[in-house]
Amino acid sequence: MARSDSAEDLVQTFRHTQVFCDEDTQRSVAWFDVWQLFAPGTVYGSANKQALQPFRPGEEAAWQRALEELGKDAERLADADLAGLQATLVAIPDITDVLPRLCTPGNLLSPSQLLGLKRFVLTGAELAASLTAQGMAWTPPDLWSALSAPFGGDHTRTFAIDHVAGVEYAQAAQAYTASLGRLASAIRERDAAWQTRTGVRPTRDSLLTLALPEHKGLADTLKHDPGLLWLRDTPFESVFEVLPTAATAEAQQLVGEAESVLAALEHACMQRLANELHALYPSWREAVEAVAELDVRLAKVRLLQRWQGAVPLRGDALRLVAGVHPLRADTATGRPFVPIHLEPVSGVNVLCGSNMGGKTVAMQTVVLCQLLTQYALPVPAQGFTSGLFAAVRFAAAAETDSHNGLSSFGREVARLTAVWRDLESAESALCCFDEPGRSTNPVEGEALAVGLVRALREDGRHKLCFVATHFTAPVQEQGIATFRVRGLRADALAAVTAEASLTERLAYLEQAMDYRLERLDWADIPREALRIAEWLGIPEEVLVNTRGFLQRGK
Amino acid sequence: MNIAARCRQHGWAHVAFIGAAKHAGKTTALGGFIEDARELGAVVGLCSIGLDGERLDTILGVEKPAIHAPAGSLVVSAERALEQSEARFDWLEALPIASPLGTVMVARVVHPGRVVLAGVRQRIHVEQAIQRLTAYGAGFCLVDGAFDRVAAAAPHLVDAVVLAVGAVTGRTVTDVVRHALPLLRRFQLPALSTEWKQRLAEAYKACGIGLFGSDGLVQIPARSALFGVTQHPAWTPDVHALYLPGAVTDSVLADVLQQRPQPLQIAAAHPAQVLLQAETYKHLYRAGHSLSVWTPLPVAGIAANPHSIAGYDLPQAALQAALREVAGDIPVYDAMRAQEVSGHGQI
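The structure displayed is predicted, hence computed values, not measured ones. Residue positions are given per chain, counting from 1 as you read along its sequence in written order. Chains carry letters from A onward and ligands carry numbers from 1 onward, assigned in written order. This being a predicted model, a pLDDT of at least 70 is required before a residue's local features are given, and a value of 80 or more before pairs of side-chain atoms are given or counted; all residues contribute to the totals for chains, interfaces and linings. With hydrogens and water excluded, all non-hydrogen atoms of the structure serve as input to the side-chain values.

Caption draft 1: How the structure looks around the packing of aromatic side chains. All names here are of chain B. Centres within 6.5 Å make a pair out of two Phe, Tyr or Trp rings, where for Trp the six-membered ring is used; the pair is then stacked when the planes are under 30 degrees apart, edge-to-face when over 60, and tilted otherwise. Using the criterion set out here, one finds 16 aromatic pairs over all chains in the structure. Centre to centre, the rings of Trp196 and Phe212 are 5.5 Å apart; their planes meet at 85 degrees, and the pair counts as edge-to-face. Of this pair, Trp196 sits in helix H6 (residues 194-206) while Phe212 sits in strand S10 (residues 209-213); the two residues are 16 residues apart in sequence, bridging distant segments of the chain. When sorted by exposure, Trp196 lands in the same class as Phe212, which is buried. We note Arg185 situated over the ring of Tyr281; from NZ or CZ to the ring centre the distance is 5.9 Å. Geometry around Trp196 places Arg199 over its ring, the cationic atom sitting 4.5 Å from the centre. To qualify as a helix, a DSSP run of H or I must reach at least 4 residues; to qualify as a strand, a run of E must reach at least 2; elements of each kind are numbered from the N terminus. A 1.4 Å probe rolled over the protein chains alone gives each residue an accessible area, and that area as a share of the maximum for its type sets the label: buried under 20%, exposed over 50%, partly exposed in between. Counted as over-ring charges are cases with an Arg CZ or a Lys NZ within 6 Å of the ring centre that also lie within 35 degrees of the ring normal.

Structure follows, in structure tokens:
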């Protein structure tokens, strides 16, 4: 039984990790949606997932172990193995409500609770006995043997007191059933006797009715019969209650006595069972944690398979090989998504290129892979190597915040400031700035972008920074690495006929973009805009004057 | 008459028990069926739809008989209701149905005794209960409905119904039969002809109201019945057939009958949706209209109960004879004494 993450759950989950990664960053890279793809199948796994924390600097050893375990699980689990384990796992009942009752001695458990516990144990034992789980070094079978012992060794997936009670209970139950049978016989004999005598059989309610006026004489006689209690005469009938005979009275008493004995034995049995289960409380907790752990491990492998991704590797330098953002890849319509290869340098890395989204997606993919890596989760890439950062931040391109009345520029400055403050307090950080300075005038915007690049470069702390820009000046700074989105293929525009409409041209343009990133040895912004504008049919007058300005600078 | 044998003969495995009123003898009829099934060696599965956890009738202060379940029978009921039962169980499964009396469970009777059935309140729950009872081996699934509730009498849930008619509804045989007639008539409505089903098929599939006139079928939303079918722009004097997917009540038909003097073919989805008083039936037929159901539900038998919890009793023979007059081919019997009186009268 799985539980989906509500928005509130997600916010709660990540609030405690805000120093590591704030909500704006998570939103920018669609972290919440990606996190939903990591989906354990049981309530135990889901609870475990909610409690997951990212590994931080200083926890490299534990992080390494988690990654190695993921790698081994991925190698070990074929599709059929994974499916088989998951099918068994999702059938495991939810006993989280029962555990608190097991914690306290003396608490009796209801039949449904006992049924849930028994099925939990039997399913856990089934999992533990599977070769696949044994290969994963999951729990020892002894744990499940111990938990199933109070249930008397019965392996049916039902619960009855008969399974756990002793011979005395079985005998008492038989005696009770026999007494009910004797009572029923006594009642039948009594009723048969009345039928013989009056021609009428009493009802199940022990009522005997004689029609009037034809049986008036008999009715008057029976009103004085000690075996009957005359109730009333109606215009149609005379109604009597059939009184117990000595035999039925004795049989009824025996039923009562047998029932009391049975009830007492039941209570004693349930009490004993509760006590035995309570004594095993630590083992129950261990079993629940083991199920949660197994569920999470399987969910990680499932995610890896879904993405055809990779297990991250620990390394000193970040390296991304053929990474894709899973949500962009999932929604891409009919066009292959270009995987991203990136080997940034420590310090500042500037991404430049056409303003058509390639830079932003590249940075989002890097940040997403880093977040997944620090949770020891697989990444949607062919390879990803990195270390642990104390903080990860993404400052997205500004939009107007209508709620707070902030202009785009105001929002941009507020975000940049907030990120900078976070970086100041972090011992190490991965940060991305998407088009800084874009939301103000180009002169000062470009200056802002240069200022940011220089400030980041001069900050001596351990940082890996990306700045995406379409300004020229930041790209020409010293001491940084520059990457560009390749942009338009050289021969792309020539392939379209002159008769193509604007709509056709726009669609073709998207197809003709080369979104691969390449490291630049020389710093220059690719100049494609006028070529594209001309190809799209910008008025000649505008084009001529634009070219004139570029040549003369005024 | 062995009512279980009759049901087996007709292939009716899922049977709902419906009372003309509270204390009409419905639960007693159910008990009789269980005994008849035991004679056949069939396993019964039991559940109840309606009010929860009644051991005592809180209105009239009369103990309502719990159902005696034999060993091997299967029950679906709320956990605390089963814990209050005399029978002892092998607990099989917890269903995903919550109730004020705890989780609804499936259990097999290990040691026989009276059981309290409660916790199932919706048709979808009845469907789940029947599915699980059948999976665990029930040869008959019996659904005990709350008084005057025909919620369980839906063709997709059950194959047949047993109607319980009792002296509690009147001090004379005539009164009792008069009270029972609307309930009986629901289930005696004829099935819609194949020809009309073809004409109204699209409305049926879409669960909408179908208006059939000279231009063919027009569908309108089912909710149009709330405000008067004839108020919809699609209604014209030309309409001569009407399919109603929802409740067919006195007010719904009053609106139609006022607007439509020519004979009208009216079709309801199934008998449980027909909620008409005797007077409405009279007006309907007097005006030459016909009423039928898309999916009929057969009546396995009419269980007559001459005993009233108010303290009086009606003559059994007279009650059964009067019911026989209106029952047609439906057998009338006393579930408490398992005596049958077959009917051959007309409505």
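Now that the structure has been shown, the text picks up again.
Caption draft 2: Looking closely at the pairing of strand S8 (residues 140-145) of chain B. Residue and element names in this part refer to chain B. Of all six residues that make up S8, six are buried, and the element is covered over most of its length. Burial of S8 is two-sided: the residues Phe140, Leu142 and Asp144 facing one way and the residues Cys141, Val143 and Gly145 facing the other way are all buried. In this analysis, strands are considered paired if DSSP registers two or more bridges between them. Pairing between strand S1 (residues 14-19) and S8: four bridges, direction parallel. Across the sheet, the residue bridging to Phe17 is Asp144, located in S8. Relative to S8, strand S2 (residues 44-49) runs parallel, the two being bridged by six bridges. Counted as the bridge partner of Cys47 is Val143 from S8.

Caption draft 3: Region of interest: unusual backbone geometry. Between Leu212 of chain A and the following residue, Pro213 of chain A, the backbone shows a cis peptide bond with an omega angle of 10 degrees. Residue position: Pro213 of chain A is located in the loop between strand S2 (207-211) and helix H13 (216-222).

Caption draft 4: Layout of the interface of chain B and chain A. Taken residue by residue, the interface counts 27 residues in chain B and 32 residues in chain A. By buried area we mean the combined loss of accessible area, with a 1.4 Å probe, across both parts when two parts are placed together. In this assembly, chain B packs against chain A so that about 2,300 Å² is buried in total across both faces, 51% of it on carbon and sulfur atoms. Take a side-chain nitrogen of Lys or Arg and a carboxyl oxygen of Asp or Glu: if they are within 4 Å of each other, that pair is a salt bridge. Linking chain B with chain A are one salt bridge. Identification of polar contacts relies on pairs of N or O atoms within 3.5 Å, with a donor-acceptor requirement for protein atoms, meaning one able to donate a hydrogen and the other able to accept it, and with residues adjacent in sequence counted only if both atoms are side-chain atoms. Remark: the boundary between chain B and chain A carries seven residue pairs in polar contact (both at pLDDT 80 or more). Listing elements by their share of the side of chain B that touches chain A, those giving two or more residues are helix H2 (26-40), helix H3 (79-83), strand S5 (88-94) and strand S6 (104-111) of chain B. The element contributing the most residues to the side of chain B that touches chain A is S5 of chain B, with seven residues. Residues are grouped as follows: nonpolar covers Ala, Val, Leu, Ile, Met, Phe, Trp, Tyr, Cys and Pro; charged covers Asp, Glu, Lys and Arg; every other residue, Gly included, is treated as polar. Among the residues making up the side of chain B that touches chain A, the classes are represented as twelve nonpolar, six polar and nine charged. When strand S1 (residues 159-160) of chain A meets S5 of chain B, the two strands line up antiparallel, connected through two bridges. A contact between two residues is defined here by any heavy atoms of the two lying within 4.5 Å.

Caption draft 5: Fine view of the sheet that holds strand S5 (residues 313-314) of chain A. Residues and elements named next belong to chain A. An order of S5-S9-S6-S7 is seen for the four strands of this open sheet, with the pairing classed as mixed. In this open sheet, the two strands that pair with only one neighbour each are S5 and strand S7 (340-342). Of the pairings in the sheet, the one linking S5 to strand S9 (residues 383-386) comprises two bridges and is parallel in character. Looking across to S9, one finds that Leu313 is bridged to Thr385. Angles here are taken between N-to-C directions and fall from 0 to 180 degrees, while the axes themselves are lines fitted to C-alpha atoms, restricted in helices to the stretch in contact. Set on the sheet, helix H17 (residues 358-374) makes contact with strand S6 (319-323), S7 and S9; between it and S9 the angle comes to about 70 degrees.

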